[in-house]
Amino acid sequence: MRIFSNLEAFLLRKRSFNFEAWQAALVALFVLLGLVAYGAMVKGAAENYGRSGVLSKAAFKVASIPSVTAQVFSVLSEDYHPEYAWEQRFDDQSGFSFSADAASEDDLLLLSRYDGDTNRTSVELVDLATGNVIHRYAPNTAEIAQDLRAQASTLDNPDPRVNLTDELLPHIFGIYHPLIEPDGSLVFQNFYAPMIKIDRCSKLDWTLHGAYHHAIETDSEGNYWTVKRQWPASLQRVGDRFEDDTLVSISPDGETLFEKPLSQILLENGYDHLVYPHLPYFSDPFHLNDVQPVLTDGPHWKKGDLFLSVRDLSRIIHYRPSTNEILWMKNGPWMLQHDVDVINDHQISIFNNNVGSGRFQY
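Note that the structure is a prediction, hence the values are computed from the model and not measured.

A. Looking closely at the pattern of salt bridges. Scanning the entire structure with this criterion turns up eight salt bridges. As a salt-bridge pair, Arg 161 and Asp 159 come within 3.0 Å of each other at their nearest N and O atoms. Asp 159 gets classed as buried once you look at its relative accessible area, which sits at 7%. Taken together, the shared-partner salt bridges in this structure form one network comprising Arg 113, Asp 115, Glu 124 and Arg 136.

Structure, rendered in structure tokens:
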């Protein structure tokens, strides 16, 4: 009890502090400098978290406490979940269903899904006539990570935004836009992550370092066309998080055959106003989400041409890589579209997202 008595006496003891004006000003100056330093660290981590230091990351996490706390309470109150639809349009329906009557014996579905029983993503080849799984792919993520780290160590300037640790853990590793080949091999990426090819037995064939994303298409030569974020950005005066979407062609053996940023294609074709239109500054001005190769000649295009779906500009672009020419461009009436396909020798189709703001749509 004596300890508590002494503590009480200490806390209740009357004290007086005398500060001169210069001392108060000095304290205010140090507080101001501390706030500036703290703000600079938060700003640095916000602009380039992957390359920021320990103190900057700590400052950023402290500054994130209010928003994270609000999110936690929203989740607990069941008012928020980033993966839930805003509206439930399929009441009393769940799981995967199909109509066997509408499918022929040759109809197959390549289904990439998260398997709750195995706690990992797998890709299944499903027979739509019977619903049976013909084949299942389950890549070895540890083997993929080891190969990618070895590859990154040989690069002069690997993209620091590519996470080769956490993102390759089996329970969170995703398989996006898988493309199956006639020999049963599978090409895919982990969304803003490296390209990966495995054989029909899920054994690793090759990896390609970089932040690849969205669709993977094949041209008439069997090469893959896709998109990746250029690092460092080809434009000047942009931040480290600027998404300089780049057209990429890759051979079946994993060799990069063609690589050109969309920003440079637009600039070199006189479309400067589409590269620098955003006020205020926006780090994702294009959001290229499909590179569709033309497989045969037609009255309006040639084999080897590309159709590009540029979501955030609501534009479809007809581009010829052999001459670096934009031959045709159309803005709308679709809004923030997601896909373009060549139907025949004179028609294309466009999937219309039909949303007013696409900054949170993938």
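B. Spotlight on the sheet that holds strand β1 (residues 108–115). The three strands lie next to each other as β1-β2-β3, forming an open sheet whose pairing is antiparallel. The open sheet terminates on both sides in strands that have one partner only, identified here as β1 and β3 (133–137). Within the sheet, the average angular offset between the axes of one strand and its neighbour, ignoring direction, is 25°. Relative to strand β2 (residues 120–127), β1 runs antiparallel, the two sharing eight bridges.

C. Structural detail: the pairing of strand β14 (residues 325–331). One ladder, built from six bridges, connects strand β13 (residues 315–320) with β14; its direction is antiparallel. In the sheet register, Ile 317 faces β14, and the bridge partner there is Met 329. Hairpin remark: β13 followed by β14, antiparallel, with four residues in the connecting loop; positive phi at Asn 324, about 55°.

D. Representation of the nonpolar core within the structure. Of all hydrophobic cores here, the largest spans 21 residues; its most connected members are Leu 247, Leu 262, Leu 266, Leu 308 and Ile 317. Those elements giving two or more residues to this core turn out to be β8 (224–229), α6 (262–268), α7 (272–275), β11 (288–293), β12 (306–310), β13 and β14. Each residue touching Ile 317, except ones within four places of it in the same chain, is listed here: Leu 262, Leu 266, Leu 306, Phe 307, Leu 308, Val 310, Ile 326, Trp 328 and Met 329. Core analysis: the second largest hydrophobic core is formed by 17 residues, Val 123, Ile 144, Leu 164 and Phe 188 among them.

E. Local environment of the sheet that holds β13. Taken together, four strands build an open sheet; the order of strands is β11-β12-β13-β14 and the sheet is antiparallel. Here the strands that pair on one side only, and so sit at the sheet edges, are β11 and β14. Direction aside, the axes of adjacent strands within the sheet are offset by 20° on average. Where β12 and β13 come together, five bridges link them in antiparallel fashion. When the bridges of β13 are listed, Leu 308 appears paired with Ile 317.

Criteria and thresholds
Residues numbered from 1 in each chain as written. Predicted model: local features only at pLDDT ≥ 70, side-chain atom pairs only at ≥ 80, totals over all residues. Heavy atoms only, no water. Salt bridge = Lys/Arg side-chain N within 4 Å of Asp/Glu carboxyl O. Buried < 20%, exposed > 50% of the residue type's maximum accessible area, 1.4 Å probe, protein only. Pairing = 2+ DSSP bridges. Helix = DSSP H or I, 4+ residues; strand = E, 2+ residues; numbered from the N terminus. Axes fitted to C-alpha atoms, helices over the stretch in contact; angles between N-to-C directions. Core = buried A, V, L, I, M, F, W, Y, C linked by side-chain atoms within 4.5 Å. Contact = heavy atoms within 4.5 Å.

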